[in-house]
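So the chains spell out like this:
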Amino acid sequence: MTTTTLPPGTAPVRPEFLLSSIYHPAADDDAAEGSTSRAGRPADPRAPTPDGDRNPGGRKKFSKEQKKAQRGANKGRRFGKVRDELELCWRVANGAICEYGAECRFTHDISAYLAAKPRDIRLPPASSLTDTQPFVATENADQSAEEGEQSKSSFDFSTTCPYFEEAGECRLGLKCRFLGAHSRMDEKGVVTLVTDEEKKSRVALTNIELNQVSAETLKLLRQKKYPRPVTDAYLKELEAANQVLHGAEVDAPALEGETKEVQLDAQQMDGITVKQSSENADQNDTPDVPMRFSEKKRLHWKGKTYLAPLTTVGNLPFRRMCVSLGADITCGEMGLATSFLTASREEWSLVRRHPSETIFGVQLAGNKPSTMVPTAEILGREFAGGIDFVDINCGCPIDLVFKTGSGSALLDAPAKLGKIIVGMNKALGEIPVTVKLRTGVKDGRNTSHKLMPRLNPEWGVGCITLHGRTRQQRYTKLADWEYIKQCVDAVRTREADEGLSPVPIFGGGDCFSSEDYWERVESTGVDGIMIARGALIKPWIFTEVKERREWDISSRERLELIRNVRQFASSTQLLIGANFERCCGGGLQYAEYGLTHFGTDTAGVNTTRRYLCEALSFQHRYVPIGLLERLPARINDRAPAFKGRDELETLLASPNSQDWVKVSEMFLGPVPETWTFTPKHKSNAYGEESQG
């Protein structure tokens, strides 16, 4: 029997599935994590050769400069909205009267709009998905003949609209790309919209997204007139406390050599808490009874699964999919405090929550109390009952954040961090404040074992999450779980000495299987593990953790997760876990979740397409465990070139961004000529931007 020797760090794919011992260039998560979304196009050193071979001579073909050029991020990506060729006024599209009349910049001519509108998209039923090309079963002859007769019309009355199916009406009206599902046309060609009143009443309280910021709130923020009584009082007292300390800031030094000064600052902040509680109790805009740290809502998170806040991909549709697969705790993408205060609509959209997210938090990044505390006060006032916790990002390593003193820079400014935590605790009322950390800033200089024991006793943190890497290390080495255990022990020791209730502690780093998860929970004493990259690559990891098993998910099951599982959980025989049907049988999945969130019009469809491709840019890294010689799989192993057990599995493993676009076309229709997708990682860019 012929054996194939793979380079160290390569996924142990069984020989019969190997196409080459050369592995795909690894995606550089470090560089991509620091990329922006502004303008720019990538230069691609991996353009196909004329014969179509992307790498005919293997890795040795590339020079050192070429290898460097193909790593990292495509910086400055831009994704413009794709709109209808003729745009219909949204008021008219929903049967209302436009107050602008003839002065409206959008057309009111419904007939002209429908004539120019592209044909309705049809979401294929789950039963039509196959693991062989073309992966979606073709329609029968009768249906094709009927389509031929209607080819001049944009309507497809056999389609289904995800938003209408969920809510009983479609908020996009005539602009919907699934219009045939909720409209009727009489003999005269007049189109009327239909609603399902029974479904509307049934889902009104279960599927409406929460935490919608009002236009009035945004207006007050832009005008800098939003009332902030708690913040104003706290900042004044901070200023007074600084004057007591001779006007000197106590947050410049690093942890080493500053213990005495920082402890004094913490005592001053305790005094501030008592003072404000007694002097400001009668203010109209403050609570009648000020909240004490001991009265904060306690977080009982032991044993719960936690999806990390994830930039770009961790949006509401993705979180909703992970919840259906077993995630208990979710957190929105990192938002900048300064952007919240300047009324950025993009930033305020990050607090949106789906009702299925039973424990939901918002993550903030900032560098001083004067921005973090007012943001927390506004969040607590506007979304009381809609936010379960607010997380402070003390782990973001990217330069754009770190150089402003935010993210992981706060690890070296514990006095400033303490002021931020105390102020946010006061501003948020009963909503707990949590903190996400790294082990330190520089390699070889871990500091979290000194900082973590102070977070709850001195500043009232409700939960601590520690990623087992330094800021400098990024993803270049494995997470240090031995150090995580050391930090947990330090926290528990102080709690025992002072008779304090234990604060939940979550670890993080390199968790990629159920075996990884439970072994690390048991060996380190953490209450759970925050899962980040593992969830991006295999969202079903939460099912594996809940059921304590490794799931050899089939290619068709993966495709159905991309589309939906309405009929999936009850029909497949491969899902032996009883919990899966409870978690996701009856829910919609990524494409449908994206459409209901971003919209079913042309712009919403292609925004969904963009984020679906972003998700596939991580999911293609998954090597099916049925192809591996040993388990568990390791997240940092590079995948060699391999073929799947069927054609679909091979397609889903493709690192070519053009293939991800093809997958999107199965559910979202043909790609418009003006739409392009630039992958986050340079190693996935083949030729020009992927497009239709």
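A quick note: this is a predicted structure, and the numbers were derived from the prediction, not measured.

Q: Which parts of the structure should I look at to understand the packing of aromatic side chains?
A: Between two aromatic rings, the relevant description is the distance of the centres plus the angle of the planes. The final tally for this structure, using the stated rule, is 13 aromatic pairs. When the centroid spacing of 6.4 Å and the interplanar angle of 65 degrees are considered together, the rings of Trp660 and Phe677 count as edge-to-face. With a gap of 17 residues between them, Trp660 in helix H28 (residues 657–668) and Phe677 in strand S14 (residues 676–677) connect regions that are remote in the sequence. Accessibility assignment for this pair places Trp660 and Phe677 in one class, buried. With a centroid separation of 6.3 Å and 10 degrees between ring planes, the pair formed by Trp675 and Phe677 is classed as stacked. Trp675 sits in the buried class, given a relative accessible area of 4%. Above the ring of Trp518, the side-chain terminus of Arg548 is found at 3.7 Å from the ring centroid.

Q: Just checking my understanding: could you explain the side chain of His182 for this structure?
A: Among the structural elements, His182 can be located in the loop between helix H6 (162–167) and strand S2 (183–185). For His182, a relative accessible area of 1% translates into the label buried. Apart from residues no more than four positions distant in its own chain, His182 is found in contact with Cys161, Phe164, Cys170, Gly173, Cys176, Thr192, Leu193 and Val194.

Q: Can you help me understand the nonpolar core in this one?
A: In summary, soluble globular proteins display a tendency toward joint burial of nonpolar side chains. Ile392, Met424, Leu437, Leu455 and Phe667 are the most contacted members of the largest nonpolar core, which totals 145 residues. When sequence neighbours within four positions are dropped, the list of residues in contact with Met424 reads Leu364, Met372, Val373, Ala376, Val390, Ile392 and Val433. Within the second largest apolar cluster, 12 residues are counted, among which are Val92, Ala93, Leu114 and Val191.

Q: Explanation requested: helix H14 (residues 369–382) in the structure shown.
A: Because the α-helix completes a turn every 3.6 residues, residues three or four places apart line up on one side. In a regular helix each residue adds 1.5 Å, so 14 residues correspond to 20 Å; H14 covers 19 Å between its end C-alpha atoms and thus fits that length. Counted residue by residue, H14 has 11 buried out of 14 residues, so it is predominantly covered. Taken as a whole, H14 has its buried residues at Pro369, Thr371, Met372, Val373, Pro374, Thr375, Ala376, Glu377, Ile378, Leu379 and Gly380.

Q: Help me understand the pairing of strand S9 (residues 433–440) in this model?
A: In terms of burial, S9 is largely enclosed, as 8 of its 8 residues are buried. Of the strand pairs in this sheet, strand S8 (residues 389–394) and S9 are connected by 5 bridges, and their pairing is parallel. Bridge pairing in S9 places Asn393 opposite Lys436. Traced from S9 through helix H17 (residues 448–459) to strand S10 (residues 463–470), the parallel crossover comes out right-handed.

Q: I keep staring at unusual backbone geometry and nothing clicks. Help me out?
A: Residues other than glycine predominantly adopt negative phi, and peptide bonds predominantly adopt the trans conformation. Pro134 follows Gln133 through a cis peptide bond whose omega is 5 degrees. Relative to the assigned elements, Pro134 resides in the loop between helix H4 (110–116) and helix H5 (141–149). Backbone torsion omega between Leu631 and Pro632 reads 0 degrees, so that peptide bond is classified as cis. Position of Pro632 relative to the elements: it lies in the loop between helix H26 (602–619) and strand S13 (640–642).

Q: Sorry if this is basic, but what is going on with the state of the cysteines here?
A: One covalent bond between the sulfur atoms of two cysteine residues makes up a disulfide. For the coordinates displayed, the defined rule picks out 0 disulfides. There is no disulfide at Cys176, and the cysteine sulfur nearest it, in Cys161, is 3.7 Å away.

Q: Just to check I follow, could you spell out the pattern of salt bridges for this structure?
A: Oppositely charged side chains may form a pair once their charged atoms are brought near each other. Under the defined criterion, the tally for this structure stands at 33 salt bridges. Here Asp388 ties to Lys297 by a salt bridge, and the two come within 3.7 Å at their closest N and O atoms. Of this pair, Asp388 sits in the loop between H14 and S8 while Lys297 sits in the loop between helix H10 (259–279) and strand S4 (306–307), placing them 91 residues apart in sequence. Where Glu649 meets Arg645, a salt bridge forms, and the shortest distance between an N and an O atom there is 2.9 Å. Look at Arg645 and you get partly exposed, because its relative accessible area is 36%. One salt-bridge network, held together by shared partners, links Lys302, Arg492, Glu495 and Asp527.

Q: Whenever I open this one, the packing of H26 against H28 confuses me. Can you help?
A: Each pair of packed helices gets described by two things: the angle between the helix axes and the distance between those axes. Put simply, H26 and H28 touch, their axes get as near as 9 Å, and they point 135 degrees apart. Taken together, the axis directions place H26 and H28 in an arrangement best described as oblique. Regarding H26 and H28, the two cross each other, and that crossing is right-handed. Along the contact surface, H26 presents Val605, Thr608, Arg609, Leu612, Cys613, Leu616 and Ser617, while H28 presents Trp660, Val661, Val663, Ser664, Glu665 and Leu668. Here the contact of H26 with H28 is built from residues that sort into 8 nonpolar, 3 polar and 2 charged.

Q: What should I look at first to understand the confidence of the model for the protein in this one?
A: Caution applies to low-pLDDT regions: their predicted coordinates should not be interpreted in detail. Per-residue confidence for the protein gives a mean pLDDT of 82; residues scoring 70 or more make up 76%. Taken as a whole, residues 35–60 scores under 50 in pLDDT and shows 44 contacts with residues more than four places along the chain or in a different chain. For the stretch residues 565–588, pLDDT sits under 50, and the model shows 48 contacts to residues farther than four places along the chain or on other chains.

Criteria and thresholds
- Residues numbered from 1 in each chain as written.
- Predicted model: local features only at pLDDT ≥ 70, side-chain atom pairs only at ≥ 80, totals over all residues.
- Heavy atoms only, no water.
- Phe/Tyr/Trp six-rings, centres within 6.5 Å; stacked < 30°, edge-to-face > 60°.
- Helix = DSSP H or I, 4+ residues; strand = E, 2+ residues; numbered from the N terminus.
- Buried < 20%, exposed > 50% of the residue type's maximum accessible area, 1.4 Å probe, protein only.
- Lys NZ or Arg CZ within 6 Å of the ring centre and 35° of its normal.
- Contact = heavy atoms within 4.5 Å.
- Core = buried A, V, L, I, M, F, W, Y, C linked by side-chain atoms within 4.5 Å.
- Expected span 1.5 Å × (residues − 1).
- Pairing = 2+ DSSP bridges.
- Right-handed = clockwise from strand over helix to strand, strands pointing away.
- Disulfide = S-S within 2.5 Å.
- Salt bridge = Lys/Arg side-chain N within 4 Å of Asp/Glu carboxyl O.
- Axes fitted to C-alpha atoms, helices over the stretch in contact; angles between N-to-C directions.
- Parallel < 35°, antiparallel > 145°, perpendicular 65-115°, else oblique.
- Left-handed = near helix turned anticlockwise from the far one by under 90°.
- Nonpolar A, V, L, I, M, F, W, Y, C, P; charged D, E, K, R; others polar.
- pLDDT = per-residue confidence, 0-100.

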